[in-house]
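Here is what each chain is made of, one letter per residue.
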Amino acid sequence: MASSELYTKHARVWLPDAVKVWKSAKLLRDYTPGDQTLFLLLDDGTEVEYEVDRRTNNLPPLRNPNILVGENDLTALSYLNEPAVLHNIKVRFIDSKLIYTYCGIVLVAVNPYENLPIYEADIIHAYSGQNMADMDPHIFAVAEEAYKQMARDQQNQSIIVSGESGAGKTVSAKYAMRYFATVSGASSEADIEERVLASNPIMEALGNAKTTRNDNSSRFGKYIEIGFDKKHRIIGAHMRTYLLEKSRVVFQAHGERNYHIFYQLCASSHLPEFKTFKLGEADDFHYSNQGHNPVIDGVDDAKDMWNTRRAFSQLGIGESNQMEMFQILAAILHLSNVEVKDHSGDRSSILPDNADLVVFCELMGVPCEEMAHWLCHRKLQTTTETYVKGVSKTNAVNGRDALAKHIYARLFRWIVGCINNVLKSAVKQHSFIGVLDIYGFETFDINSFEQFCINYANEKLQQQFNLVCLLFYILYCLVKTCVKHCRHLCLQHVFKLEQEEYMKEQIPWTLIDFYDNQPCINLIEAKLGILDLLDEEGKMPKGSDGTWCQKMYNTLLKQNAHFDKPRLSNRAFIIHHFADKVEYHCDGFLEKNKDTVNEEQIHVLQKSKFHFLLKLFVGNEKATSSTNRSTTSITGRFGLSQRGNKKTVGLQFRHSLHLLMDTLNATTPHYVRCIKPNDHKVPFSLDPLRAVQQLRACGILDTIRISAAGFPSRWTYQEFFCRYRVLMKQKDVLPDGKLTCQNLLKKLIRDQNLYQFGKNKIFFRAGQVAYLEKLRSEQLRRACVSIQKTIRCWLARKKYLRMKQSAITLQKHVRGHQARCYVHFLRRTKAAVVIQRNVRMWAARIRYQKLRSASVVIQCFFRAYVARKLYYKILYEEKALVIQKWVKGWLSRQHYQRTRTNIILLQSCVRRILAKKKLKKLKVEARSVEHFKNLSVGMENKIMQLQLKIEEQHKDVRELNERLNAAAKTQDIERERHCKELENLQRSEKKTRTKAEALPSLMEQLSFLQQELENTRKQKEVLEDQNNVYKEQTQQVVEELNMKNSLLNDEKDNLIKLILEQKQQITEIKAQVENTEKLQKELIEERSRYQSLLCEHLHLQELHKDLKEELELRLSPSKRSESNYTSNSSECSPMIASTNGQDSSLDKVKETPSTVDLPLILKLQRRVREVEKDKQSLQRQLDEKEAQEEEAKDMEEEISVGRAELDLETLKRQELASENKKLKQDLSELRKSLTNENSELMPPPVGSTTYNVLLEQLNSSNEELDMRKEEVLLLQSHIVRQEAMKYKDAALAEGVSLDLSDVPSFQDVDRSTDIHTLNEDGELWLAYEGLKETNRVLECQMQKLEMQHSARYEKLLEEVNMLKEEKEQQQKLLAQTLQLPEDARIEVGLELEITRLTQENLELMEQQDKQDKTIVNLKNDLQLYMKRVEEFQAHQRKTSIGTNSPAKGASIPRKEREYQGMLEYKEGEESHLVKCLVLDLKARGVAVRFLPGLPAYIIFMCLRYADRVNDDQRASTLLNSVLCSIKGVVKRRGKDFDVSSFWLSNTCRLLHCLKQYSGDETFKTHNTVKQNEHCLTNFELTEYQNVFADLAVQIYRQLIKSMEDTLQPLIVSSMLEHETIHGVLGSKPTGVRKRSSNSPEEDAVTVEVLLQQLGLWHTTMIKHGMDSGLIKQVVRQQFYIICAVTLNHLLLRKDMCSWSKGLQIRYNVWQLEEWLVELELTDCGAKEMLEPLIQAAQLLQVKKKTEADAQAICSMCTGLTTAQIVKVLTLYTPVIEFEERVTTTFIATIKNILKDREESSTLMMDAKKIFSVTISFSPSSVALETIQIPASLNLNFLNRI
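Below or above, wherever it landed, is the structure these notes cover. Treat the numbers as computed from the prediction; the structure is a model and nothing was measured.

## Some remarks on the pairing of strand E23 (residues 761-764)
No. 1: Along E23, one buried face is formed by Lys761 and Phe763 and the opposite face, lined by Ile762 and Phe764, is buried too.
No. 2: Both strand E21 (residues 713-716) and E23 contribute to a ladder of 4 bridges, which runs antiparallel. In the strand pairing of E23, Trp715 is matched with Ile762.
No. 3: Pairing analysis gives 3 bridges linking strand E22 (residues 755-757) to E23, with the strands arranged antiparallel. By the bridge assignment for E23, Phe757 is matched with Ile762.
No. 4: In this antiparallel pair of consecutive strands, E22 and E23, the connection spans 3 residues.

Structure representation (C-alpha cells):
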C-alpha cells in the first residue's frame, strides 16, 4: 500500500521543533494525495496547520503505536525514523530507567549520571551462558556474546566503545572487562583478573581529568587485549594507548582540572612519606589551579590516592618505584611555579635561588644552575660553530611547559610498559578479546590539534562501522565481490547469522546506498592532505601555522568538497566530518605536531643522579644516538637533519591508527555507542537536541536507515495468525495456517514488495506492522462499538423497566405518605396549643420564684455585711488593748534595766577603791625577802596558768564580743521593728478614735445580732442533733462499705497479682519464643555456614587429592593403581588421619625432643639389671624344666610337671608384665618431669656434654632392654610351642584351648635347605612361629596400652588446662575482689564458693552418670560371659556324655538357627567388601530389586561383628574404607542424580543405625526389645556419627547441584516463555534480534515437562528409601531454585513484564502447587518458597494508578524487596492496546511508602543458595536378624552369625 494511505484521521505524526527537536501531533482530517496542508492537533491542545512541500511532497514521519514504544531493539519499531528512535530511547531512559537499548548490531548506552545496582556479581551470573536476544540489553550481554563467539568460532573478538566525552565510555569498558574477569576464571597464574581490573584506577589517575562535560574524562585512547588460553580462561592482557593529551599537563580551561594524579598527590601531602616532596594544596601550583575548580563533588582525592597505590601494589610495582614516580610528578608541580623574568632584547633569566626551581632540581637530582641556564637559553649549531642564544620570556615559559609535558609523557609510557609486563603471560595466548575505549567525536568553541586527531580517529572508526552495516544488508550473491572489494575486512562472520536467516527463509536481499566517508579520510591522510602538508611545513626552516594554513587554502579548497574556509578568519579551516562540520584554529598545530623539546634540557636530565629518571630516558638516548649516526653525511644544519628524521606526532598517530584498524578488521567487532544525555550531569534527564546530535554523529541513525531498507520486522506464521486472527473471517481460516496467513496478507497489503514469505516467518518492511496494528485496532474498535451498542440497548431497556416499576411504587408510597403527614399535622397543632398553655404557666411561676429567691439572697448578704463590720470593730479594739499592754511592759522593763546598770556601776567603783587599798598592802608584804622566797616556788606555774587563763579569757572575750555584736544587730533590728509597730499602733489608735464615735449605732446592731445569734444557736443545736444521728447512720454504712471495699481490694490485689503473674508468664513465654526463634535462626544460619564451609573444605581436599594424583602421574606415569579400590584407599588416609588426629598429635608431643633427668635414668638402669636377673632365673628354670621333661617317663608325671611349669611360666609372665608396667610408669614420670617446667631437678641444657652422655647411656640401655625383651620372647615362644606340641592331644590342651590350626607343622612347610642344615628337627622353625604369635599378642597389648596411655594423657592435659584456666580465673577474681570493700568482698567470696560447689556437684553428677553407664555395660558383659560359661559347661557335659555312653543309630533333629543380626568377616576383607558393596554397585538395580538401605544394613552388621570381637582396628578400618569409597563414588558419579540420591539415603541410614544401636537411652526408646539386644557394647562411635553426618551434608549439596544443572535450562522455558493458551497472551513484533526460544525447530519445554522431571526425582528418592524429611527439604530447595531463576529472568527481561505474562506465571505456579497436593508435600515449605514469584505475578496484574493501589501493593508484596518492586513496575510493558504503562509518579509513591522498610538492597535472588539441611533421627523397624544377603552382590565371604 502507498504510504499516503496511512495518513488518516487520528493518525499520529512527528513535527520538527526547535527546542524538543520533534513533537507529537494528531491528524484531524484524512490526507488525500495533492493536499497542501495537514490539519494537526498538538498534545497541548493547540491546532496547527502543516504546509506540505510541493516539490518533494514529503509528509511528516509517522509515529509508532504505543504498543511498540519502549522496545529493546530499535529495529523492532515499525516506523524506523529519527523521531521514533529518539522517542523510544527517551521512554526507556526517563520512564523505565533503562540505559541500554539495541540498535541492530549496536548497543546504545545512555549515561545515567547515577550509580545503578545492575552490575553486581549476581547480574553477571544471570547473563552468563544466555543468548544475547534472550535478555534485556546490557553491556554484559555484549560481553557474553563476544566471549561465546570466541569460544565457539575460535575467532578473536573486539568491543568498540565510542562516544563523546562524558558519555560513559570508560565505565562501559571497565564493566566489560569485569565481566570477562568474573566469567572466565583464572588459569594457572594467580589473580590475573584482579591485575587486569587493577590497571583501571592507575590509568584513570594518570590519563583521566575533569572537563566541562565530564568529571572523569579519558584524555587518551586505549585498546586492551585480554588474552585467553585454550580453556578460555584469562591468562594475561596487553594495553595500547593513543594520543595522550599532553597539553593538559600545562594548561586547563576554566572549570577543568589537570590529571587526577596531581590532585591526589596534593590531597595526600600530609602523609609522612610525602613530606620530602614539599607539596601543599592544589591551588598553590600553576599547573593545577588554572581551572579554578580543584575539587569534584563526591570525589575524595585522598581516598583515590590510596586506591591508586593499592592498584600499583596489586600489579607488583613496589613501594620504592611508586615513591619515585610520585617524586617526578611532584617535581613537575614545582616546575610549574618557576618564574621567568623578562629582560630587554629577547632575553630572560631565572634566579638560581628560586625556591621552586631548587626543589625541582633536588627531586630530579640535577644541578640547579645548569637547569636554570638552559631554561632561558638554547644552543644553535651550524656547520662551523656552535653558540648559545638567550630566549624571550614567552619562549622560556613554553620551553618549561614542553619539558613538563615531555617528562609526563615519558612517565606515562613507562607506567603503561610496566603494566603490560605485569599482565603479560608466559603461557601462549590462544585467542583474545579487545576492548577499545577511545575518545568520541569532539567539537568545542576553539578546536586545536588534539580535537583534529580525535575526530580523525573517529572518521576511521565510522568508516569501519559503515562497512559492517553495509555488509549486514548486502545482496548475498554479491557478497564475494564485495569481500574482494574490501579484502582488508574479515567481517563476513559478523553477518553469518543474518545471512543464514535470509537463506533459510529464502528471502532475496537488495543492495542499498550508504554514506561513504572515504573522501574525508583522504582529505586528512592522503598525499598532499592535511597531515602531509603539516609535516612538510614542519620541515621548513621558517615554517609557521599561517603559511601552512595558506598552503591548505591553495591546495585543498577547490579540490575537496569536505574542506572549507571560514569567512572571517585566515588562520582557521573547516572540515565536513560525518557527524558535523568542525572549525579548527591553526594556532599551535605546527608546534604540537613537532613536539620539540630543548635538547640541552634533556641532556641535563640525563646527567641526573636519580636512577629512576635515567630509566625514563633510556629510549631517548638510543633514538638520538641512532639519529646522530644516520645524519653524519647530510649537509646543512645539524638541527634540520635531526628534525627531518624525527617522526611527527601526526605521523605516529596515523601509523598507530592504521595498526589499530588492522587489528579491528581481523576480529569480530561488537559496537557500544555511549550517549551523553545532557551537559549538566543531571541524573535521568535527556536533552533531545544533544541526544540527536550524538545519534547522528555515532551512526545510529544510519544503522536505522539501513535497517529500514531491509525487513526489520519478522513474525512466525503462528504468531502472525494469533495476533491478527481478528482480521479474518471464519471462512478464511484454512487447515493450512501458512496459506491462511498468505491469503490474509494479500488482501490487506497489495504491494508484495512490502513483505516476503519465508519458510517459517513473514518478513515486513518498515511501517507495515504499524499498518497492520492500525487495521487490527480499527477492527477491534468496530467490534467494541457493536458490543457496546447491544449492551447499551439491553442496559437501557432494563433501566426503563426498572424506572417504570419504581415510579409506580414511588407514587403509591408518596400518596400514603402525604395522608399520614396531614394527620400528623393536625395532631401536632392540637398538641402545640396544650404545650403553649402549660409552658406559659411554667414560665410565670419560674419568674416569680426567681424574684423571691433574689430578694432573700440580697437580704442575707446585707445582714452578713453588717455583722462582719461590727465584728471587725470589736476585733480592732481588743488588739489595741493588747498593744497597749505590751508597750507599757516594754517601757517598765527599760526603766528597770537603766537603774540596774547604774547600781552596778556604783558597786564597781566602790570595789575598785577597796582593791587598790588591798593592793598597796600586798606590795609592801611582797617586798620582804622571805615572802618572795615562799612565793617564788609556784610563781612560774601560776604565771603559766594565768597566761593560759588570759588566753582563754581573751577567747571568751572575743566570743562575747561577737555575740554582743550579733545581739546589738538583732536589737537594732528589733528596735526598728518596734518603731514600725509603734507607728502602726498610732495609726490604728487614730482609726479607733474615729470608730469610737460610731460605737452607739454599732451597739444597737450588736444587740440585734445577738438575738439572731441565739436563734441560730438553737437551730444549730437541732441541726447538730440531726447531724449526729445522720453521722452515726453514715458511719455504719461507711464501715460496711469499707469492709466490702477491703474485701474487694483484696480480691482486686489478688487479681492484679494474678494478672501480673500471667503478664510475666506471657512476657517470659514471648521472650522464650523470641529467643527460641532467634536461636533457631542462628542455628539455621550457623548450620548453613558450617555446611558451606564443610563443602568448601571437602572441595579443597578433593582438589588437593587431584593435584597430588596429577603430580604423581607426572612424576611416575607408569605407576598406576590396578583397581578402583586402591585409588580409594589412598583417599582413606585423610579420613583416618582426621579420626586419629588426637593420637597423632600426642605422638608428636611424645616425639618432641626433651631433656634428661639423671636420677630417673639410674633407676631405669637398675630396673634393667633386675629384668636381666629375672631373665637369667627364667633361663635356669627353663633348663631345669627341659631336664625334667627328658627324665619324665609317665604321662601323668609329664602332665603334672607341665601344669606346674605352665603355672610357673604364667606367674613369671605376670611378674614381667608388672615390671613392664612399672617401667612404663617410671618412663611416663620421667617424661612428665622432663616436660614439667617447675620440676626441682632441672635437666641439663640441650647440646651440653652431660646431655650427650646421658643420651648415649639412655640409647644403650634402650638397646639392651630391647635385646633382653627379644630373648625373653624367644624363650617364651619356644616354651609355649614345645608344650603345645607335646600336649595338644591331652586334656591339658583342651583346658588351655590353644588354636594351632593356622600354624603349619615343620613337616608340611616348604622350607629351604638352610633350615634343614640348621635344625633338622624343626625346633628353630617352631620357635620362629611361636615368636610371631607372641609378637602379635604383644603388639595388640602394646596398642591397647598405648591407646589407654594416650587417653589418660589427654585427660591429664585437659585437667591441667582446666586447672590453669581455673587458676587464671581465680587470680582475676582475687584481683577484682581486693579492690572491693569488705562487705562486697564477703558477698563475692560466698558467690564464688557457691558457684564452685555447684560446678563440683555437676561434675560429680556427670561422673556418677558415667559410672552408672559403665556399671550397666559391665552387667551386660557379665551376663554375656555367664551365658558363655553355661554354654561351655553344657558343651562339656554333652561331650562327656558322648564319650561315656555308646553311640546309638537314632538320628537327632536339627533346630532352626537363631541369627544375631551380624556378619562375620576376616581381617583384610574390608577392601573386598567395599569393592562389592560400594564401588561396583549399580544404584538403579539395588533400588528396584532389594531392600532400601541394604548396603547400610550390611555395613552395620559387619560393624557389629567387629564390636563383638572387640577389635577397634577392624572397626575403624571398615568405617574409614566405607567413608572413602562413598566419597570416591560421589566424586566420580555425583552428577548422576540416582547415584547421589542412593548414597545419600544409605549414608543417612547408616548414620541412623549408628545412633539407633549406640545404646543411648534417647535412642533406645524407639527400639524393640530385640533391637536393644543388638546395641553396640564395646565401641563409642559418636565421632564417626559426626563424620557420617558431614558426609551426608556433602552428598546432599552434590545432589542439589546435580539438580540445578538439569533444572536451569527447563525453568525459564517452562515458567516464562511457553504459552499454554495461544491467543490469550499477547505477542509483539520483534526486530533483528529474534529470541532463541521462539524458533519452531526446538521442542517446547512446558510446565508438564518440568513436573515430569520433578516427579521422576521424587520417585527415585522414594525408591531409594530416603527419609521423608530429607525428601521434603529437597523439594523445598527445588522450588526455591525455580522461584529464584524465574524471578531473576523476569527482572532482566522487559518483554516478560506484562499483565498476560503474570496470568501465565500464576497458572504455572498453580500447577506446581497441585503437584505438591497430589504428592502430599504441602507441609514441606515449598509453597512458601514460591511466594516472591506469586507476588511478582500479582504485581503485574493489579491496578497501578492511585495512592490506594500503591498502599495495597506495598502491603501485598512482602516477599519482594523495594528494588524488585520498583524494577517490575519500571519494566511493565503493555502488550495489548487496552493496557497502560505505569507512571513515574506512581513509582515515586511506591518508593516513598517503602523508604522505611529494612531489607536488602540487592535486586536479584541468590539462585545458588542452598539451605542448610537437618538430618533428623529416623529409626528403622527392620530387624537385623531377618536381613538376607542376595547372591548377586558377591558377598559369599560374609557369614551370618
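## Points about the sheet that holds strand E19 (residues 581-585)
No. 1: Pairing in this open sheet of 3 strands is antiparallel, and the strands run E17-E18-E19 from one edge to the other. The open sheet has two free edges, formed respectively by strand E17 (563-564) and E19, since each of these has just one partner strand.
No. 2: Sitting on the sheet, helix H17 (residues 545-556) is in contact with E17 and strand E18 (572-576), with an inclination near 45° to E18.

## Concerning the packing of aromatic side chains
Two aromatic rings are characterised by how far apart their centres lie and by the angle between their planes.
No. 1: Taken as a whole, this structure holds 39 aromatic pairs when the rule is applied.
No. 2: When the ring of Tyr119 is compared with that of Tyr175, the centres are 3.7 Å apart and the planes differ by 5°; the resulting orientation is stacked. Here Tyr175 lies in helix H4 (residues 169-184) and Tyr119 lies in the loop between strand E6 (106-110) and helix H2 (121-127), a separation of 56 residues in the sequence. By the burial criterion, Tyr119 is buried, and Tyr175 matches it.
No. 3: Note on Phe274 and Phe277: the rings are 5.6 Å apart at their centroids and 25° apart in plane angle, and the pair reads as stacked. For the pair shown, Phe274 and Phe277 are each scored as buried.
No. 4: Cluster of aromatic residues (ring-pair linked, three or more members): Tyr119, Tyr127, Phe140, Tyr147, Tyr175, Tyr179, Phe180 and Phe228.
No. 5: Across from the ring centre of Phe39, 3.9 Å away, lies the NZ or CZ of Arg29, which sits over that ring.
No. 6: Stacked on the ring of Tyr263, the Lys or Arg Arg257 has its end atom at 4.0 Å from the ring centre.

## Let's talk about the packing of helix H50 (residues 1668-1691) against helix H51 (residues 1699-1718)
No. 1: Look at H50 against H51: their axes get within 13 Å of each other, and the N-to-C directions meet at 175°. Between H50 and H51, the angle falls in the class roughly antiparallel. Taken together, the residues of H51 that come into contact with H50 (itself represented by Val1675, Phe1679, Ile1682 and Leu1690) are Ile1705, Leu1712, Trp1715 and Leu1716.
No. 2: Tallied by class, residues from the contact of H50 with H51 come to 8 nonpolar, no polar and no charged.

## A few points about unusual backbone geometry
No. 1: The backbone phi angle of Gln154 is positive, close to 55°, even though this residue is not glycine.
No. 2: Positive phi values are uncommon outside glycine, yet Lys278 reaches one of about 55°.
No. 3: If you trace the backbone, Lys278 turns up in the loop between helix H6 (260-267) and helix H7 (301-314).

## Points about the pattern of salt bridges
No. 1: In this structure the tally under the stated criterion is 33 salt bridges.
No. 2: Residue Asp1667 pairs with Arg1549 through a salt bridge whose shortest N-O separation is 3.6 Å. Residue Asp1667 is found in the loop between helix H49 (1647-1663) and H50, and its partner Arg1549 is found in helix H45 (residues 1537-1556); the two are separated by 118 residues along the sequence. Accessibility assignment for this pair places Asp1667 and Arg1549 in one class, buried.
No. 3: One salt-bridge network, held together by shared partners, links Arg219, Glu245, Arg248 and Glu256.

## Some remarks on a negative patch on the surface
No. 1: A surface patch of negative charge is lined by Glu1365, Glu1366, Glu1368, Glu1403, Glu1406, Asp1409 and Asp1412.
No. 2: Listed by contribution, the elements that provide at least two residues to the negative patch are helix H39 (1323-1378) and helix H40 (1382-1444).
No. 3: Broken down by element, the negative patch gets its largest block of residues, 4 residues, from H40.
No. 4: Mapped onto the elements of the fold, Glu1365 is located in helix H39.

About the cut-offs
Residues numbered from 1 in each chain as written. Predicted model: local features only at pLDDT ≥ 70, side-chain atom pairs only at ≥ 80, totals over all residues. Heavy atoms only, no water. Buried < 20%, exposed > 50% of the residue type's maximum accessible area, 1.4 Å probe, protein only. Helix = DSSP H or I, 4+ residues; strand = E, 2+ residues; numbered from the N terminus. Pairing = 2+ DSSP bridges. Contact = heavy atoms within 4.5 Å. Axes fitted to C-alpha atoms, helices over the stretch in contact; angles between N-to-C directions. Phe/Tyr/Trp six-rings, centres within 6.5 Å; stacked < 30°, edge-to-face > 60°. Lys NZ or Arg CZ within 6 Å of the ring centre and 35° of its normal. Parallel < 35°, antiparallel > 145°, perpendicular 65-115°, else oblique. Nonpolar A, V, L, I, M, F, W, Y, C, P; charged D, E, K, R; others polar. Salt bridge = Lys/Arg side-chain N within 4 Å of Asp/Glu carboxyl O. Patch = residues over 30% accessible without salt bridge, like charges linked within 9 Å, V, L, I, M, F, W, Y side chains within 5 Å. Areas by Shrake-Rupley, 256 points an atom, 1.4 Å probe, with all protein chains shown as cover. Lys, Arg positive; Asp, Glu negative; His and termini not counted. Charge placed at Lys NZ, Arg CZ, Asp CG, Glu CD.

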